[in-house]
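# Structural overview
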Amino acid sequence: MIRSLYVFHKNGQLMFTRQFLIDEIHNKQQSPDLITGLLSAISQFAESMGGKGIQKIEMEEKYSLIGIHSPKYSIRIVILTDLGDDPGECNYFLKRCRQSFVLKNKKTLEKIKKGALVNTDHFLDWGENNLPKLMQDLELLSIEQVMSGTIKKIAKLAKDDKS
């Protein structure tokens, strides 16, 4: 389950954030700016080591941060999700978010690319109109959850057949 989404510039400037699930981690007053600043620093460190940045960070048994970047506009889109969520589905969702965010905000991203400062309230429209559509068909069930559900259905069918 996606808990949060962050869109930020390579320099750490937060452009957009959305919390989908209010729980114990979000009740601890985490600052989205602090989170994106940290992720930006980690990505820049990875790039300085010759990589393309960080794609996934796992946090002890509960959560993972999965991200994707747009090199053309120097932005990153990162989700905080449950550790067991399907990474393929997460990456598919992130790619759709990147495409939608860039298409919706292309002119503004071009201005930022040229050094302009932009009011981040501009990006709220994407969150209100485009993001819900991207989340409609999202299924982030882990393989264990899918298999467990399938096994339960098979057991129920077998039990019904005996009756």
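In this report, the structure presented in the accompanying data block is examined. (Residues numbered from 1 in each chain as written. Predicted model: local features only at pLDDT ≥ 70, side-chain atom pairs only at ≥ 80, totals over all residues. Heavy atoms only, no water.)

## Digging into the overall build of the protein chain
The criterion, for reference: Elements are defined by DSSP. Helices are runs of H or I of four residues or more, strands are runs of E of two residues or more, and each kind is numbered from the N terminus. We call a residue buried when its accessible area falls under 20% of the maximum for its residue type, exposed when it is over 50%, and partly exposed in between, using a 1.4 Å probe and counting protein chains only. We call two residues contacting when some pair of their heavy atoms lies within 4.5 Å. The protein chains shown are the only cover counted for residues, whose accessible areas, like all others here, come from Shrake-Rupley with a 1.4 Å probe.
Within the protein chain one finds 6 helices and 5 strands. Shown N-terminal to C-terminal, the secondary structure of the protein chain runs as helices and strands in the order β-β-α-β-β-β-α-α-α-α-α. Taking all 163 residues of the protein chain together, 35% fall into the buried category. When contacts within the protein chain are restricted to residue pairs at least 6 apart in sequence, long-range pairs at least 24 apart make up 56% of them. Accessible surface, the protein chain as shown: approximately 10,300 Å² in total, 55% of it carbon and sulfur.

## A look at the pattern of salt bridges
The line we're drawing: By salt bridge we mean one thing: a side-chain nitrogen of Lys or Arg within 4 Å of a carboxyl oxygen of Asp or Glu.
As enumerated under the stated definition, the model contains 5 salt bridges in all. With its nearest N and O atoms 2.6 Å apart, the salt bridge here joins D82 to R3. Pair noted here: D82 is in strand β5 (residues 75-82) and R3 is in strand β1 (residues 2-9), with a separation of 79 residues, a long-range link. Looking at R3, the relative accessible area reads 11%, which means it is buried. In this structure, the salt-bridge partner of D125 is K104, at a minimum N-O distance of 2.6 Å. Linking D125 in helix α4 (residues 124-129) with K104 in helix α2 (residues 87-104), this pair joins segments that are 21 residues apart in sequence.

## Some words on the nonpolar core
To keep things clear, this is the line we draw: Residue types Ala, Val, Leu, Ile, Met, Phe, Trp, Tyr and Cys, when buried and joined through side-chain atoms within 4.5 Å, form a set referred to as a nonpolar core.
Ranked by size, the top nonpolar core spans 23 residues in total, and within it L5, L109 and W126 carry the most contacts. At the level of elements, β1, β2 (14-19), β4 (63-70), β5, α2, α3 (106-113) and α5 (131-135) are the ones that each hand at least two residues to this core. No other element matches α2, which puts 6 residues into this core. L5 has contacts with F16, T17, R18, F20, I77, V78, I79, F93, C97, W126 and L131, leaving out every residue within four places of it along the chain. L14, L65, V78 and L80 belong to the second-largest nonpolar core, a separate cluster that totals 8 residues.

## Regarding α3
Heads up, the condition is: The directions considered for the arc run from the helix axis to the C-beta atoms.
Inspection of α3 places T108, L109 and I112 among the buried residues, and these make up the whole buried set. Across the axial projection of α3, the buried residues extend over an arc of 100 degrees, all falling on one side. In α3, the exposed residues that point more than 90 degrees away from the buried face are K107 and K111. G115 occupies a position one or two residues after α3 and carries a positive phi of about 105 degrees.

Note that all results are geometric; they support no functional claim without further evidence.
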